[in-house]
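Summary of structural features
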There are 2 protein chains.
Amino acid sequence: MSTEQAEEGAQPSKNALKKAAKEAEKAAKSAERKARQDAEAAARAAAEVDDAVGNYGVLPLNQSQTKTGEQRVQIESLNANSEGYSVLFRARLHTSRAQGSKMVFVVFRQRQATIQGLLQVKEGAVSRQMLKWVAGITTESIVLVRGTVARPIEEVQSASVKDAEIHINTLHVVSPVETRLPFTMDDASRPEAEYEKAEKEGIQYNKVLLETRLNNRVLDLRTQTNQAIFTVEHGVCELFRSFLNSQGFTEIHTPKLQGAATESGASVFRVQYFTGLAFLAQSPQLAKQMAIAADFEKVYEIAPVFRAEDSNTHRHMTEFMGLDLEMAFEETYDEVVDLLDSLFLNIFEGLSTRYASEIALIGRQFPAEPFMWRKKDQGGTLRLRFSEGISMLRGAGADVDDLEDLSTENERWLGRLVKEKFSTDYYILDKFPMAIRPFYTMPDPEDDRYSNSYDFFMRGEEILSGAQRIHDAPLLESEMIKKGIDPASMKHYLDAFRLGCPPHGGGGIGLERVVMLFLKLNNIRRAALFPRDPKRLVP
Amino acid sequence: MSTEQAEEGAQPSKNALKKAAKEAEKAAKSAERKARQDAEAAARAAAEVDDAVGNYGVLPLNQSQTKTGEQRVQIESLNANSEGYSVLFRARLHTSRAQGSKMVFVVFRQRQATIQGLLQVKEGAVSRQMLKWVAGITTESIVLVRGTVARPIEEVQSASVKDAEIHINTLHVVSPVETRLPFTMDDASRPEAEYEKAEKEGIQYNKVLLETRLNNRVLDLRTQTNQAIFTVEHGVCELFRSFLNSQGFTEIHTPKLQGAATESGASVFRVQYFTGLAFLAQSPQLAKQMAIAADFEKVYEIAPVFRAEDSNTHRHMTEFMGLDLEMAFEETYDEVVDLLDSLFLNIFEGLSTRYASEIALIGRQFPAEPFMWRKKDQGGTLRLRFSEGISMLRGAGADVDDLEDLSTENERWLGRLVKEKFSTDYYILDKFPMAIRPFYTMPDPEDDRYSNSYDFFMRGEEILSGAQRIHDAPLLESEMIKKGIDPASMKHYLDAFRLGCPPHGGGGIGLERVVMLFLKLNNIRRAALFPRDPKRLVP
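Remember, predicted model here, so these are calculated numbers, not experimental data. Throughout this description, residue numbers start from 1 for each chain and increase along the sequence as written. Numbering of ligands from 1 and lettering of chains from A proceed in the order in which they are written. Given that the model is predicted, a residue must reach a pLDDT of at least 70 before its local features are reported, and side-chain atom pairs must reach 80 or more before they are shown or counted; all residues, however, enter totals for whole chains, interfaces and linings. Remark: hydrogens and water are excluded; side-chain values derive from all non-hydrogen atoms of the structure.

1. Brief notes about a negative patch on the surface
For patches, a residue must show more than 30% relative accessible area and have no salt bridge; joins then use 9 Å for like charges and 5 Å for nonpolar side chains, namely Val, Leu, Ile, Met, Phe, Trp and Tyr. A 1.4 Å probe and the Shrake-Rupley method give the accessible areas. Residues count as covered only by the protein chains that appear here. Just to be clear on terms, a salt bridge is a Lys or Arg side-chain nitrogen sitting within 4 Å of an Asp or Glu carboxyl oxygen. When charges are counted, Lys and Arg contribute as positive and Asp and Glu as negative, whereas His and the chain ends are disregarded. The location of each charge is read from NZ of Lys, CZ of Arg, CG of Asp or CD of Glu. Residues D399, D401, E404 and D405 of chain A make up a contiguous surface patch of negative charge. Numbering goes from the N terminus for both helices and strands, where a helix is a DSSP run of H or I of at least four residues and a strand is a run of E of at least two. Among the secondary structure elements, D399 of chain A is positioned in the loop between α12 (386–395) and α13 (408–422).

2. Some points on the relation of the copies chain A and chain B
Turning chain A through 180° and shifting it by 0.0 Å along the axis lays it on chain B, with an RMSD of 0.0 Å. The operation mapping one copy onto its partner corresponds to a two-fold rotation axis. Within chain A, V271 of chain A has its C-alpha nearest the rotation axis, a separation of 2.3 Å. Residue contacts follow a heavy-atom distance rule, with two residues in contact if any of their heavy atoms lie within 4.5 Å. A share of 100% of the interface residues of chain A reappears at the interface of chain B, consistent with the copies meeting face to face through the same patch. Here the copies are superposed with least squares, the fitted atoms being C-alpha atoms of residues at a pLDDT of at least 70 in both.

3. Topic: helix α16 (residues 511–519) of chain B
Of all nine residues that make up α16 of chain B, nine are buried, and the element is covered over most of its length. Immediately downstream of α16 of chain B, the backbone of K520 of chain B shows phi near 55°, a positive value. Buried, partly exposed and exposed residues are distinguished by accessible area as a fraction of the type maximum, computed with a 1.4 Å probe on protein chains only: under 20%, between the cut-offs, and over 50%, respectively.

4. Description of the packing of aromatic side chains
Note on aromatic pairs: the rings of Phe, Tyr and Trp (six-membered ring only in Trp) are paired at centre separations within 6.5 Å, and the planes decide the class, stacked below 30 degrees, edge-to-face beyond 60, tilted for the rest. For the structure shown, the criterion picks out 50 aromatic pairs over all chains. Seen in terms of ring centroids, F371 of chain B and W373 of chain B are 6.2 Å apart; in terms of plane orientation they differ by 35°. Their pairing is tilted. An identical accessibility class is assigned to F371 of chain B and W373 of chain B; each is buried. The structure contains a cluster of three or more aromatic residues connected by ring pairs, namely Y333, F344, F348, F371, W373, Y426, Y454, F456 and F518 of chain A. The criterion is that NZ of a Lys, or CZ of an Arg, lies within 6 Å of the ring centre and within 35 degrees of the ring normal, and then a charge sits over that ring. Between R437 of chain A and the ring centre of F432 of chain A, over which it is positioned, the NZ or CZ distance is 4.3 Å.

5. Quick notes on the pairing of strand β9 (residues 270–273) of chain B
Burial of the side chains of β9 of chain B is restricted to one face: V271 and Y273 of chain B are buried, whereas none of R270 and Q272 of chain B on the reverse face is. In this structure, strand β9 (residues 270–273) of chain A lies alongside β9 of chain B, joined through two bridges in antiparallel fashion. Residue pairing in the sheet places Q272 of chain A in a bridge with R270 of chain B of β9 of chain B. When DSSP finds at least two bridges between two strands, those strands are taken to pair. Turn length for the β9 of chain B-strand β10 (residues 276–280) of chain B hairpin, with the two strands adjacent in sequence and antiparallel, is two residues, and the turn residue F274 of chain B shows positive phi of about 55°.

6. Here's the deal with the interface of chain A and chain B
In this assembly, 112 residues from chain A lie in contact with 112 residues from chain B. Interface area for chain A against chain B, summed over the two sides, is near 9,500 Å², with a carbon-plus-sulfur share of 57%. The interface formed by chain A and chain B includes 14 salt bridges. The partner of R109 of chain A in a salt bridge is D295 of chain B, with the nearest N and O atoms 3.0 Å apart. Polar contacts, as counted here, are pairs of nitrogen or oxygen atoms within 3.5 Å of one another; within protein the pair requires one atom able to donate a hydrogen and one able to accept it, and residues that are adjacent in sequence qualify only if both atoms are side-chain atoms. Summed over the shared surface of chain A and chain B, the number is 68 residue pairs in polar contact (both at pLDDT 80 or more). The element best represented in the side of chain A that touches chain B is helix α8 (residues 224–246) of chain A, accounting for nine residues. Basically, the charged four are Asp, Glu, Lys and Arg, the nonpolar ten are Ala, Val, Leu, Ile, Met, Phe, Trp, Tyr, Cys and Pro, and anything else, Gly included, counts as polar. Within the side of chain A that touches chain B, the residues separate by chemical class into 55 nonpolar, 27 polar and 30 charged. As a working definition, buried area equals the accessible area (1.4 Å probe) given up by two parts on being put together, with both sides summed.

7. Quick word on the pairing of β9 of chain A
When β9 of chain A meets strand β10 (residues 276–280) of chain A, the two strands line up antiparallel, connected through four bridges. Residue pairing across strands places Q272 of chain A opposite L277 of chain A, the latter belonging to β10 of chain A.

8. Remarks on the pattern of salt bridges
Per the counting criterion, the structure on display carries 76 salt bridges over all chains. With a closest N to O distance of 2.6 Å, E330 of chain A and R72 of chain B form a salt bridge. Here E330 of chain A, found in the loop between β12 (319–328) and α10 (334–354), pairs with R72 of chain B, found in the loop between β1 (56–58) and β2 (86–99), and the two come from separate chains. Note that K419 of chain B and D425 of chain B form a salt bridge whose closest N and O atoms lie 2.9 Å from each other. Residue class for K419 of chain B comes out partly exposed when judged on its relative accessible area of 21%. Relative accessible area serves as the criterion here: at 7%, D425 of chain B is assigned to the buried category.

9. Overview of the environment of L393 of chain B
All names here are of chain B. Along the chain, L393 falls in helix α12 (residues 386–395). C-alpha separation for the pair L393 and S352, spaced 41 residues apart in sequence, amounts to 31 Å. Beyond its immediate stretch of four places on either side in the chain, L393 contacts A398, V400, L406, N410, W413, L414 and L417.

10. Focus: the sheet that holds strand β14 (residues 426–430) of chain A
Through backbone hydrogen bonds, the strands of a sheet pair up, either in parallel or in antiparallel fashion. All names here are of chain A. Strand order in this open sheet of eight strands is β7-β11-β12-β17-β16-β15-β14-β13, and the pairing throughout is mixed. Two strands bound the open sheet, and with one partner strand each, they are β7 (250–251) and β13 (382–385). Of the pairings in the sheet, the one linking strand β15 (residues 453–458) to strand β16 (residues 461–468) comprises six bridges and is antiparallel in character. Note that in β16 the partner of F457 across the bridge is E462.

Remember, this is a structural readout, not a statement about activity or role.
Structure representation (structure tokens):
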């Protein structure tokens, strides 16, 4: 019975057959009509002289053969007041969308700015051929556009310029995309939260993994978010230098090729140097101290540092930018800590005021609580002793040793405790135990288990490490021996102090860490143009 | 007879004997008197309570144990108007010279500034012991001085502060010199011409060879000349960046560790990278072009570049600072050349105005005709075509090929011809032959034996090399193949152009060359803090 029923069920009913026949007939008629229309259109197009020739097409390769001197505009400078202006600009074709057969909407992009463009068939100016051709351009191609600025009927949601659009007159391709895009700009620009929301709603977005981004970094860097991130990074360097210049510092450049593996031989890259061997500097520490012994008084350097550590974490790279400084001081290393603190406050203030629009733009993809720091009227920057930090952690239940270094987990835990108690994402931990600091660290005069050294933290992660350094050759030598370093291997460095050297101190800041933590990007690779880690040497 | 006479002549006369006896008696009396005086002085000193104790001595090692907050002054800020002020400062003991037993003249130094100090025995304040102790301090020790500013009787010739001197009240050693100085500051600061003059006059100076200086670079860097050289170098970087920032450039940081030996594999350093191999970037060329393909539009970088060339010349180092920039342009690469030219003019102007005192100071040791360039009202910067340069050299009798590169000698020869004819130390040579430029150089659209590339020259030596680059992937690929480069080995670079890239160009400037040639230092090592060449990896 069930079989019969099944068989009957498999047989079409008479009514169904009739319906199908009717639909087939209808479809055939429709297809016929469509074919006729298409043929007519093709015939018309063929018969038609394309009066838009010259208004579109691929430009010949630019070998600097033509110079008109005509001014080209920046998208971001356009607004409702530009209405009626005829403009010429080069931009990426960000998106395009045909509406019917007579109109194409496009969005043009220049770095962080986008504007809507509109191409409409218009006799004697914009042909159907032109419209079709424009609609077919691969997104991310570079185009040269001539158009008239108009006020859009309503605010443009999909572009950064909201109160103006471009009515396109001519559009040429300057540089075409000649490959399949590995991902779209939209997919690459979506915040994490949107994926989660979409998943719940059953929408499927293409999620672009960090690995995919980094493998196709040139494309990835074009997102408005990334353009903004590297503008902020530029800002950090600029604020670092302008502050230190105002304080009488001299910029120096110290060699990255070293004759000996110093500091800590384990994590240094070896270089074949003609018939011999060289080592990549893992910091400018020794050279910048030698610059102090050479009377430069206050020096800074922004340069790559190299770490041959096989650390595959969110905050380690094998090559990163060190913002380093070193200064002679008069009485105590508080002078150095005060200067470093002023430097950071200057950077935070500068970023918050000068780069507010970039920070807001980045925040759309990487939402973050605004970075908090204590202003002067809130008691100024928090400075804790290492021992106080240990007490806070113990008070919260952590099992920590007095003289051991903080683990990454405990660093973050302490960051959270500090934030709860003092409402700051930025603080200083001073007087680290001597045993966990490098040999050149000056011991605390009151308790030689501790030292005159400090770390600075942002959102619970270390972003600066520094200290008063030993400027006395005999003490330096004995500290080297204590740490198992052969003083003979560091002769030139030691000699610098035998020639007389003022008391001094300094610190080294990780540029990408500052950017990552200020913007809460969660992975340091997002703050490096072309990051390097143990597994990545390209692109 | 002559013998007799001679013998008689050898015999003292009676009168002479009497005279000698008298003088001996006198000398004996004088010696006795002196001995008695010395003994008395010693007895007095021994008996005397040293009422200057506390006013001199070696300070305990600074471990930041004491904070008074007392202001310390900069020597260079003192002048006749400071008369009567009580001041405290830290400085190098530059020279010291005892005058009799009651006075010591010293010169104190802070970087480029020096001031004369005077220590006189004064009851209850400055004891003989103090005087003797101060006179015995090794020069180059770091001292802390308290004194009163006075007007000197006449202008002080031996110090940079001419209208003020310090009457010393207290003087303590902060950091002693614990080794024999390999050379004195005076010897290290003498101009070449002075040696030649001295030699003619039979005076023997210790000439400090470059090799000796570089082996003892920390000491060498302390000369006022070197302090000024690196202040100028700081200035070049600052002027470079501030100009480019004003033009909307973004500072970038590109990795020095590369996965493949690109550009020209021959001169690249190999790095052991965990279990694999990496290479040190010999320029940021590929990365900065990729930044243009990634929409950054205008980028610059100041970073070390590495060249594994076994060149032991006055102008080659294995590691030097590259001032690199790259920019998209709209119509022709003239936009890039114009910007680079404005950049150099901005640097020249800035150096001449802001660093005039440094340039004058350096000129005392390294005399140079002032650097000349053509101002706008003199027709602006000279731009010659490579072919015009060849014609000029031929006209002067040089045997040169149309399409071969200029030798160093011919470069300099052309520099002299240009200077004679156009009165400039700075000019641009454009349209270099295609064959002698890198594969990424855009061919000249009119004559493909030439290219859209240029060099900039200072005092007849190349200081910038640049070009319009090929932004079209197929053309780039075919140029690679022509030059014997496997396109597969540069996949990531090529892909950047397949994703669409605007027409662009740029250049790379050698920082130390600019400093060397502007100041006419004659050896590039003088413009590097710790230079690296095939034979030098220390200090």
